[in-house]
There are 2 protein chains.
Amino acid sequence: MFTKNQLKKYASLVLKVGVNLQKNQELVIFSPVECAPVTRILVEEAYKEGASLVRVRWEDEKVNRLNYLFADIDKLSDVPDYQVKERDYMLDNKVAYIAIDADDPNIYNGIDEKRLSICAKKRGIAFKKWREATMNNEIRWCVCSLPTLAWAKQVFPNSKTPLKDLTVKIKETMRLDSKNPVKAWEKHLKTLNKRAKFLNRQNFEYLEFKNSLGTDLRVGLAKNHLWLAAEEMAKDNIKFTANIPTEEIFTCPHAFKVDGVLKSALPLCYQGNIIDNFSISFKDGKVVDFSAEKGSETLKELIETDEGTYRLGEVALVPKNSPIAKQKILYFNTLFDENASSHLAIGKAYPTTVKNGSNLTKEELVKLGVNDSTEHVDFMIGTSDLSVVGVKKSGEKITIFSDGDFVI
Amino acid sequence: MFTKNQLKKYASLVLKVGVNLQKNQELVIFSPVECAPVTRILVEEAYKEGASLVRVRWEDEKVNRLNYLFADIDKLSDVPDYQVKERDYMLDNKVAYIAIDADDPNIYNGIDEKRLSICAKKRGIAFKKWREATMNNEIRWCVCSLPTLAWAKQVFPNSKTPLKDLTVKIKETMRLDSKNPVKAWEKHLKTLNKRAKFLNRQNFEYLEFKNSLGTDLRVGLAKNHLWLAAEEMAKDNIKFTANIPTEEIFTCPHAFKVDGVLKSALPLCYQGNIIDNFSISFKDGKVVDFSAEKGSETLKELIETDEGTYRLGEVALVPKNSPIAKQKILYFNTLFDENASSHLAIGKAYPTTVKNGSNLTKEELVKLGVNDSTEHVDFMIGTSDLSVVGVKKSGEKITIFSDGDFVI
């Protein structure tokens, strides 16, 4: 599907712009077994970039499905110590970490949500240190994607060549057809950084989201919040880009200052199940009501995961004319869909989205309004008629978005 | 390649006759990523047999090759603690363990033997507890195989359908075409057990191996040695079969009582390299000279691994008319080739091949002549004209093998 040349460009992009692999650094790749042919090329290219060692941790969602269906739930939900130690090893050795996200969006369809949720909760607790460290940029990491057949069939149900079609579209989102994708991305990231800088200068108190679907939401922003693009600075002062592709700029909502109602703009694929046409109401930052036309049980399990999943942890702006939005494809995969639409996240906020956040204690973060949770799940609210107004402490209002696009 | 029905038979055989999976037992499968379609069926069938949980640890020899080629050797040879802990978990939880052996016999061709050997030695030390436990039947385990393309091309270099051809042959060795392979195996294992019992009654002091290739070797047997077939009793008193297919009966040579010279009858594939037409001389149990027409460096690295790789750890008898021998195929894979030919092993002996061996201390085992090492590598010496004579303490000689076949 990819030409050899495109694969090299792909690898180069993920290694240089993504994790920004340094000479003599160790790289760990979490890859679906189905992606082995491409993952091997990633390994080879990583060595050309000077990796000291590349470890691949293979995963298979089809085996995971069988486990969710049939395993003893106590055994399945238990996270053995060696798996926690593996993540500790990655943190201790400051590895670069690439996750290849290529899930079948429906892989866990029909599985008892309770079982999925028990496992998610236990994993959330077991991998707490890992999650906090990655969200705190203690290592450089990148989530990217590769096309797989089951997923492609979901995106292009009527196509005779779904895998080919998905490949073409993913290549577009990654700008792989440009002569030098690394340069194209450097330019693109500059644009995103400019937007973030502009919003940082405004220092809004809150944002008002409105559209014809019925979204009418006031999202307070955390004290000292910072707008960021996916290109960030890791703790070691080396840049990296946590998602490829990425079209968003994002910041930290105030965990206790969200009021009103939101309507979903796109389906959300969570734990191999699709949640669609959902609505969530907030008061003082907390979810007080929710419903969904499809996947309401899955939404319930998500919101009831812990204290922090009743509150927001991210607010992100994506214009309706972003390259991914313009494709007018529903990927059923957040890495893509979140870059086609403005979005929010339920759960833990990135400490890096407040000033000096990665050096603050948990208590200091809470004081600023930075939410904590074992989860972080993005969902899309941006429609083509979305308006977003920023409100300053002085009461001054500035329209940021009109008809789904930036007006700043 | 396999029909659905054959796959179910395959799974049933490996689960029932192989690891003899019990209700509510956990199963761990080490599988090449290439074997995913069959491995998933193994997982599903294991749940039907009552597994409490099935974990699959995927491996990829192609990534391993890249690592051997390019990684920093200190990093690559270091075995992180979490990998040792994973094996500890398997032992502590008394899992059933299936290893799918489907290596490309030439996968590490051209790689510096020193690098392979440094890694093998460090792994040998790190996984010492694991190796001792499995060789001591502390858990039930089974090595089985599945056809893969690179391997098939090596076995059938002139075929247009190598994968199909290898599949047909492997199915034959596993008796998958019989109506009820599990029953066929029970019958076959009975025959092997009978042979072992006969030899146990003889209680030979040593065996004399001779053939026209030039093998002229006197192999002392350990005190209290036991002849076994692959169907053994695990520590929990539940039967299992450590290899499928298997055609051998085997016992423990005396580490200090091997004299003479042996000539290889088949190539040996060790660490992704082929060693062929080799010769080894022994005095008082120890290797005193060796040479090989092909792969002499690899043979050198094997023999020089540690003290124990200078001595033997297994002697096994396989008749020239064994179903695998009759196929007249060179598999370049010991699981098959060792069942086409009588063989010996360099390195650690199975404690279970002496009476009450799994309950003896290291010192007690050494006293009986049971060899210890971080390695255990089988190699084939059985030709169609091999003769094996058993010599008793009284001096009485009994011919066991004549012209490559049992005469008992």
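> Give a description of the overall build of chain A that names residues and reports values.
Looking only at helices and strands, one finds 14 helices and 20 strands in chain A. Scaling as 2.2 N^0.38, a compact globule of 408 residues should have a C-alpha radius of gyration of about 22 Å, and chain A matches this with 20 Å. Overall size of chain A, expressed as C-alpha extent along the three principal axes, is 55 × 50 × 50 Å. In chain A, which comprises 408 residues, the share counted as buried stands at 61%. Counted over contacts in chain A with a minimum sequence separation of 6, partners at least 24 positions apart contribute 75%. Total accessible area on chain A stands at roughly 16,300 Å², and carbon and sulfur atoms take up 49% of it. For chain A, the separation between the mean place of its 60 positive charges and that of its 56 negative charges on side chains is 6 Å.

> Lay out the interface of chain A and chain B in plain terms, naming residues and giving numbers.
Tallying the contact residues gives 33 residues for chain A and 33 residues for chain B. Interface of chain A and chain B: buried area, both sides summed, is about 3,000 Å²; carbon and sulfur atoms make up 65% of it. Taken together, the links from chain A to chain B amount to four salt bridges. Between Arg40 of chain A and Asp60 of chain B there is a salt bridge whose closest N-O contact spans 2.8 Å. Taken together, the connections running from chain A to chain B amount to ten residue pairs in polar contact (both at pLDDT 80 or more). Elements represented by at least two residues in the side of chain A that touches chain B include exactly helix 2 (36-48), strand 2 (53-59), helix 3 (61-70), helix 4 (73-77) and helix 5 (81-92) of chain A. Considered class by class, the residues forming the side of chain A that touches chain B number 16 nonpolar, four polar and 13 charged.

> Account for the environment of Ala255 of chain A, with residues named and values stated.
Residue and element names in this part refer to chain A. Position of Ala255 relative to the elements: it lies in strand 11 (residues 253-263). For Ala255, a relative accessible area of 3% puts it in the buried group. In this structure the C-alpha to C-alpha distance between Ala255 and Asp372, which are 117 residues apart in sequence, comes to 8.8 Å. Once you skip the residues sitting within four places of it in the chain, Ala255 turns out to touch Asp284, Gly285, Arg311, Gly369 and Asn371.

> Provide a residue-level description of the relation of the copies chain A and chain B, including the pertinent values.
The operation relating chain A to chain B is a screw motion whose rotation component is 180°, with 0.0 Å of axial translation and a residual RMSD of 0.0 Å. Read as a symmetry element, the transformation amounts to a two-fold axis. Every residue of chain A has its C-alpha some distance from the rotation axis, and the shortest such distance is that of Tyr82 of chain A, at 2.5 Å. Residue by residue, 100% of the interface of chain A is reproduced at the interface of chain B, so both copies engage with the same surface.

> Tell me about the pairing of strand 14 (residues 286-294) of chain A, and name the residues and values.
All names here are of chain A. Pairing of strand 13 (residues 273-283) with strand 14 involves seven bridges; the strand directions are antiparallel. By the bridge assignment, Ile280 is partnered in strand 14 with Phe290. Here strand 13 hands over to strand 14 after two residues, with Asp284 in that stretch at a positive phi of 50°.

> So what's going on with the pairing of strand 19 (residues 397-402) of chain B? Which residues, and what values?
All names here are of chain B. Across four bridges, strand 18 (residues 387-391) lies against strand 19 in antiparallel orientation. In the sheet register, Gly390 faces strand 19, and the bridge partner there is Ile398. Alignment of strand 19 against strand 20 (residues 405-406), held across two bridges, turns out to be antiparallel. By the bridge assignment for strand 20, Phe401 is matched with Phe406. Between strand 19 and the antiparallel strand that follows it, strand 20, lie two residues; Asp403 among them carries a positive phi value of about 50°.

> Help me get a handle on the packing of helix 3 (residues 61-70) of chain B against helix 6 (residues 113-126) of chain B, residues and values and all.
All names here are of chain B. For the pair helix 3 and helix 6, interaxial distance at closest approach is 9 Å and the crossing angle is 110°. Accordingly, the angle class assigned to the pair helix 3 and helix 6 is roughly perpendicular. Our pair here, helix 3 against helix 6, has a crossing hand that is right-handed. Residues Asn67, Tyr68, Leu69 and Phe70 of helix 3 lie in contact with helix 6, whose contacting residues are Arg115, Leu116, Cys119 and Arg123.

> Describe the environment of Lys94 of chain B, naming the residues involved and giving the relevant values.
Residue and element names in this part refer to chain B. As for its placement among the helices and strands, Lys94 is situated in the loop between helix 5 (81-92) and strand 3 (96-100). Considered as a pair, Lys94 and Gln25 are 69 residues apart in the sequence and their alpha carbons are 7.9 Å apart. Ignoring any residue separated from it by four or fewer positions in sequence, one finds Lys94 in contact with Gln25, Glu138 and Ile139.

> Please give an account of the sheet that holds strand 4 (residues 141-144) of chain A that cites residues and values.
Residues and elements named next belong to chain A. Spatial strand order, 2-1-3-4: four strands in an open sheet with parallel pairing. Since the sheet does not close on itself, it has two edges, and those belong to strand 2 and strand 4, each with one partner. Strand-to-strand, the axes of this sheet are offset by a mean angle of 15°, without reference to chain direction. As paired elements, strand 1 (residues 26-32) and strand 3 (residues 96-100) share four bridges and run parallel to each other.

> Quick rundown of the sheet that holds strand 10 (residues 249-251) of chain B? Include the residues and the values.
All names here are of chain B. Spatial strand order, 7-10-15-16-17: five strands in an open sheet with antiparallel pairing. Of all the strands in the sheet, the pair left with one neighbour each is strand 7 (228-229) and strand 17 (376-380). Where strand 7 lies against strand 10, two bridges are found, and the strand directions are antiparallel. Opposite Leu228, over in strand 10, you have Phe250 as the bridge partner.

> A description of the packing of aromatic side chains should follow, citing residues and the corresponding values.
All chains considered together, the criterion is met by 24 aromatic pairs over all chains. Cluster of aromatic residues (ring-pair linked, three or more members): Phe30, Tyr97 and Trp130 of chain A. Across the ring face of Phe127 of chain B, the terminal group of Arg87 of chain B is positioned such that the distance to the ring centre comes to 4.1 Å.

> Tell me what's going on with the pattern of salt bridges, and back it up with residues and numbers.
Counted according to the given criterion, the structure contains 42 salt bridges over all chains. One salt bridge in this structure joins Lys397 of chain A and Glu208 of chain A, with 3.5 Å as the shortest N-O distance. Pair noted here: Lys397 of chain A is in strand 19 (residues 397-402) and Glu208 of chain A is in strand 5 (residues 206-210), with a separation of 189 residues, a long-range link. Linking Glu304 of chain B and Lys300 of chain B is a salt bridge whose minimum nitrogen-to-oxygen distance equals 3.3 Å. Taking relative accessible area as the criterion, Lys300 of chain B reaches 29% and is therefore assigned partly exposed. Several salt bridges share partner residues, and in doing so they unite Glu26 and Arg55 of chain A together with Lys75 of chain B into one network.

> So what's going on with the side chain of Lys392 of chain B? Which residues, and what values?
Residue and element names in this part refer to chain B. Along the chain, Lys392 falls in the loop between strand 18 and strand 19. Judged by its relative accessible area of 18%, Lys392 is buried. With near-sequence residues (within four places) excluded, Lys392 lies in contact with Gln202, Phe204, Glu205 and Ile398.

Criteria and thresholds
Residues numbered from 1 in each chain as written. Chains lettered and ligands numbered in written order. Predicted model: local features only at pLDDT ≥ 70, side-chain atom pairs only at ≥ 80, totals over all residues. Heavy atoms only, no water. Helix = DSSP H or I, 4+ residues; strand = E, 2+ residues; numbered from the N terminus. Rg over C-alpha atoms; globule rule 2.2 N^0.38 Å. Buried < 20%, exposed > 50% of the residue type's maximum accessible area, 1.4 Å probe, protein only. Contact = heavy atoms within 4.5 Å. Areas by Shrake-Rupley, 256 points an atom, 1.4 Å probe, with all protein chains shown as cover. Lys, Arg positive; Asp, Glu negative; His and termini not counted. Charge placed at Lys NZ, Arg CZ, Asp CG, Glu CD. Buried area = accessible area lost by both parts, 1.4 Å probe. Salt bridge = Lys/Arg side-chain N within 4 Å of Asp/Glu carboxyl O. Polar contact = N/O pair within 3.5 Å; in protein donor to acceptor, adjacent residues only side chain to side chain. Nonpolar A, V, L, I, M, F, W, Y, C, P; charged D, E, K, R; others polar. Least-squares fit on C-alpha atoms with pLDDT ≥ 70 in both. Pairing = 2+ DSSP bridges. Axes fitted to C-alpha atoms, helices over the stretch in contact; angles between N-to-C directions. Parallel < 35°, antiparallel > 145°, perpendicular 65-115°, else oblique. Left-handed = near helix turned anticlockwise from the far one by under 90°. Phe/Tyr/Trp six-rings, centres within 6.5 Å; stacked < 30°, edge-to-face > 60°. Lys NZ or Arg CZ within 6 Å of the ring centre and 35° of its normal.

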